Amino acid sequence: MNGRNDGTNPMQRSIRGKAEGMRTELIQLAATATKLAEELDEVLQEKGGLVQHQPKINFITGAYARILKDAGVVEHLQSLGVTIKPIRRT
């Protein structure tokens, strides 16, 4: 690290970026899972028919892989003592 402890050094920027990426992926994952559950509910209770689930399952699988990757980076940086600093407002 470069000695700065104000949230601007490269490791602190990296951990913040990975945490933000995880948050975004989790929000999208939850939205996609909700859409899929709603479509299944509709087919099961009302319309019958076919469920077009494969694109959503593909997205969920990819999002999960990206979350795991970012989580590994966050875990590694935290084991080195890097913390997420609050954003400094000017």
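The rules we used
- Residues numbered from 1 in each chain as written.
- Predicted model: local features only at pLDDT ≥ 70, side-chain atom pairs only at ≥ 80, totals over all residues.
- Heavy atoms only, no water.
- Core = buried A, V, L, I, M, F, W, Y, C linked by side-chain atoms within 4.5 Å.
- Buried < 20%, exposed > 50% of the residue type's maximum accessible area, 1.4 Å probe, protein only.
- Helix = DSSP H or I, 4+ residues; strand = E, 2+ residues; numbered from the N terminus.
- Contact = heavy atoms within 4.5 Å.
- Expected span 1.5 Å × (residues − 1).
- Salt bridge = Lys/Arg side-chain N within 4 Å of Asp/Glu carboxyl O.
- Axes fitted to C-alpha atoms, helices over the stretch in contact; angles between N-to-C directions.
- Parallel < 35°, antiparallel > 145°, perpendicular 65-115°, else oblique.
- Left-handed = near helix turned anticlockwise from the far one by under 90°.
- Nonpolar A, V, L, I, M, F, W, Y, C, P; charged D, E, K, R; others polar.
- Polar contact = N/O pair within 3.5 Å; in protein donor to acceptor, adjacent residues only side chain to side chain.

Caption draft 1: Broad picture of the nonpolar core. Of all hydrophobic cores here, the largest spans eight residues; its members are Ile15, Met22, Leu29, Ala63, Ile67, Val74, Leu77 and Val82. Only helix H1 (10-47) and helix H2 (54-79) provide two or more residues apiece to this core. Among the elements that take part in this core, H2 stands out by supplying four residues, more than any other. When residues no more than four places from it in sequence are discounted, the contact partners of Leu77 are Met11, Ser14, Ile15 and Val82.

Caption draft 2: Quick peek at H2. Taking 1.5 Å per residue as the helical rise, H2 with its 26 residues ought to reach 38 Å, and the 37 Å between its terminal C-alpha atoms agrees with that figure. Restricting attention to buried positions, one finds in H2 the residues Lys56, Ala63, Ile67, Asp70, Val74 and Leu77. Those residues of H2 that are buried are in contact with H1. At the C-terminal side of H2, Gly81 shows a positive phi close to 95 degrees.

Caption draft 3: Up close: the pattern of salt bridges. A full pass over the atoms with the stated rule returns four salt bridges. Between Arg16 and Glu20 there is a salt bridge, with the nearest N and O atoms lying 3.7 Å from each other. With a gap of four residues between them, Arg16 and Glu20 both fall in helix H1, about one helical turn apart. On the accessibility criterion, Arg16 (23% relative accessible area) is partly exposed.

Caption draft 4: Structural detail: the side chain of Asp70. Looking at where Asp70 falls in the secondary structure, it is placed in helix H2. The contact partners of Asp70, leaving out residues within four places of it in the chain, are Lys18, Gly21 and Met22.

Caption draft 5: Quick look at the packing of H1 against H2. Their axes nearest at 9 Å, the elements H1 and H2 cross at an angle of 155 degrees. Taken together, the axes of H1 and H2 lie roughly antiparallel to each other. Judged by the sense of rotation from one axis to the other, the crossing of H1 with H2 is left-handed. Residues that form the contact of H1 with H2 fall into these classes: 17 nonpolar, five polar and seven charged.

Caption draft 6: Broad picture of the side chain of Lys56. The residue Lys56 is located in helix H2 in this model. By relative accessible area, which is 18% here, Lys56 ends up buried. Only 3.0 Å separates the side chain of Lys56 from the side chain of Glu39, close enough to count as a polar contact. Those residues in contact with Lys56 that sit more than four places away from it in its chain are Thr32, Lys35, Leu36 and Glu39.

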